[in-house]
Structures are given as C-alpha cells and as structure tokens.
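As a plain string of letters, each chain reads:
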Amino acid sequence: MASGLTPAAVKETRVGRNIVETIVGALVLVVAGVFVFYAFAKSDRSGPDGYEVVARFGRIDGLKRGADVTLSGVKVGAVTGFTLDPKTYQAVVRLAVSSNINLPADTNAKIVSESLLGGVVVVLEPGNDKTMIRAGGEIAHTQDSIPLTELIAKFMFGSAGSK
C-alpha cells in the first residue's frame, strides 16, 4: 500500500468516520424535529372555540380557507370553507366565529382586500338588532368582493353612469 496503512487500519478509519457521520446526521434530524414541533406549537392552526355561521356572496374573488374574519379590525374568526349553491349560483362561505362574540341578526359581512399586495379578509359590521345569530345561522346582509382591476378601470375610465 502506498499510504502505509494496513487494510485493518483503513477499515477501522472508515467505521469511525461512519459512526461520526451517523451521529451528526441524527443530531441534524433531532434539531429539524425540534423546529417542526416549535412551528406547530406556535401556529394558530386550531380553529376558534366558537360557532359556525354562513354568508352568501355573489363573488368571493381571492378568498381562501383560513382567511381572517375581523370585527373592528380585530380577528374574531376564520373562513372554514366555501361551496357553490347550485340553485342560486352564489358562494356559500362558512365562517367560524369565537364563542365570546355575539353577532346581531342584522350584521353585515363584506369581503375586502387587506392591502394592495393581496390577501382578502371578511369584515363583519354588527348592526343594532337585539336578536343574535345562532350557531349554524346565516348572515343575511353581505357585500361581494370588488376586484382591484375593476376599481382601477373605474378610476381610469370613469363609471358609465356618471357625467
């Protein structure tokens, strides 16, 4: 052998190197596991301990499951899902609302953009009705989402009805 090592010494060096690589690999996996556990522990992935209501919209452009539901700028729930009503062709949006929030029957729900960069939220505006929406109830007053491109077009070209 040119290196001056016996075959037994070369084999022992490889085994020692393999053990070190295995230990380092295991350590990397443990650290990655700790990061994943921390991320799940700190994320707000559990739904609110509240109740679900539905709202019907003509269009819900950009709304996603998990989007915030806000009241006076404070998050009070999340969008849990949506379907299309085959009879009315309206989007039926399911909203989970915190149990400590009571919504009057004349509450208004509207879909608005969070910012110019995107992101859509459902904004709730409570009314003055004394009766409250119960779990499984429906928010009757809604305002559809307005696409940003439509707003820009109205601004640039003016609306058809104005003079």
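The rules behind the values
- Residues numbered from 1 in each chain as written.
- Predicted model: local features only at pLDDT ≥ 70, side-chain atom pairs only at ≥ 80, totals over all residues.
- Heavy atoms only, no water.
- Helix = DSSP H or I, 4+ residues; strand = E, 2+ residues; numbered from the N terminus.
- Buried < 20%, exposed > 50% of the residue type's maximum accessible area, 1.4 Å probe, protein only.
- Contact = heavy atoms within 4.5 Å.
- Pairing = 2+ DSSP bridges.
- Core = buried A, V, L, I, M, F, W, Y, C linked by side-chain atoms within 4.5 Å.
- Salt bridge = Lys/Arg side-chain N within 4 Å of Asp/Glu carboxyl O.

Peer 1: What exactly am I supposed to notice about the environment of D106 here?
Peer 2: For D106, the position within the fold is in the loop between strand 4 (91–97) and strand 5 (108–115). Using a relative accessible area of 28% as the deciding quantity, one classes D106 as partly exposed. For D106 and E125, which are 19 residues apart along the polypeptide, the C-alpha to C-alpha distance reads 8.9 Å. Sequence-distant contacts of D106, defined by excluding residues within four places in its chain, comprise E125, G127, N128, D129 and H141.

Peer 1: Which parts of the structure should I look at to understand the pairing of strand 4?
Peer 2: Looking along a regular strand, one sees side chains alternate from face to face of the sheet. Where burial is concerned, most of strand 4 is hidden: six out of the seven residues are buried. Across seven bridges, the pairing between strand 1 (residues 51–57) and strand 4 is antiparallel. Each bridged residue has a counterpart across the sheet, and for V53 the counterpart in strand 4 is L95. With seven bridges joining them, strand 3 (residues 74–84) and strand 4 adopt antiparallel strand pairing. Opposite A78, over in strand 4, you have A96 as the bridge partner. In textbook terms, the turn of a hairpin is the stretch between consecutive antiparallel strands, and for strand 3 and strand 4 this stretch comprises six residues, one of which, Y89, has a positive phi near 60°.

Peer 1: How should unusual backbone geometry be read in this particular structure?
Peer 2: Positive phi outside glycine occurs at S72, with the angle close to 55°. With respect to the secondary-structure elements, S72 resides in the loop between strand 2 (68–71) and strand 3. Of note in this structure, Y89 is not a glycine but carries a positive phi near 60°. By the secondary structure assignment, Y89 is in the loop between strand 3 and strand 4.

Peer 1: Sorry, what's going on with the environment of T70 here?
Peer 2: As for its position among the elements, T70 is in strand 2. Spatially, the C-alpha atoms of T70 and L124 are 6.0 Å apart, while their sequence positions differ by 54 residues. Aside from chain neighbours lying at most four places away, what touches T70 is K75, V76, V122, V123 and L124.

Peer 1: Please clarify how the nonpolar core should be interpreted in this entry.
Peer 2: One recurring pattern in soluble globular proteins is that nonpolar side chains are buried together. Judged by nonpolar contacts, the single largest core of 24 residues is most densely connected at L63, V79, L95, L103, V122, L124 and I139. Counting residues per element, the ones that place at least two in this core are strand 1, strand 2, strand 3, strand 4, strand 5 and strand 6 (118–125). In contact with L95, other than residues within four places in its own chain, are Y51, E52, V53, A55, V69, A78, V79, T80, V122, L124 and I139.

Peer 1: Sorry if this is basic, but what is going on with the pattern of salt bridges here?
Peer 2: Once their charged atoms are close, side chains differing in charge can pair, the charge on each being opposite to the other. In this structure the tally under the stated criterion is five salt bridges. Close ionic contact of D85 with R56 constitutes a salt bridge, the shortest N to O distance being 2.7 Å. Remark: R56 occurs in strand 1 and D85 occurs in the loop between strand 3 and strand 4; sequence separation between them is 29 residues. Classification of D85 as buried rests on a relative accessible area of 14%. D61 is paired through a salt bridge with R59; the nearest N and O atoms lie 2.7 Å apart. Using a relative accessible area of 34% as the deciding quantity, one classes R59 as partly exposed.

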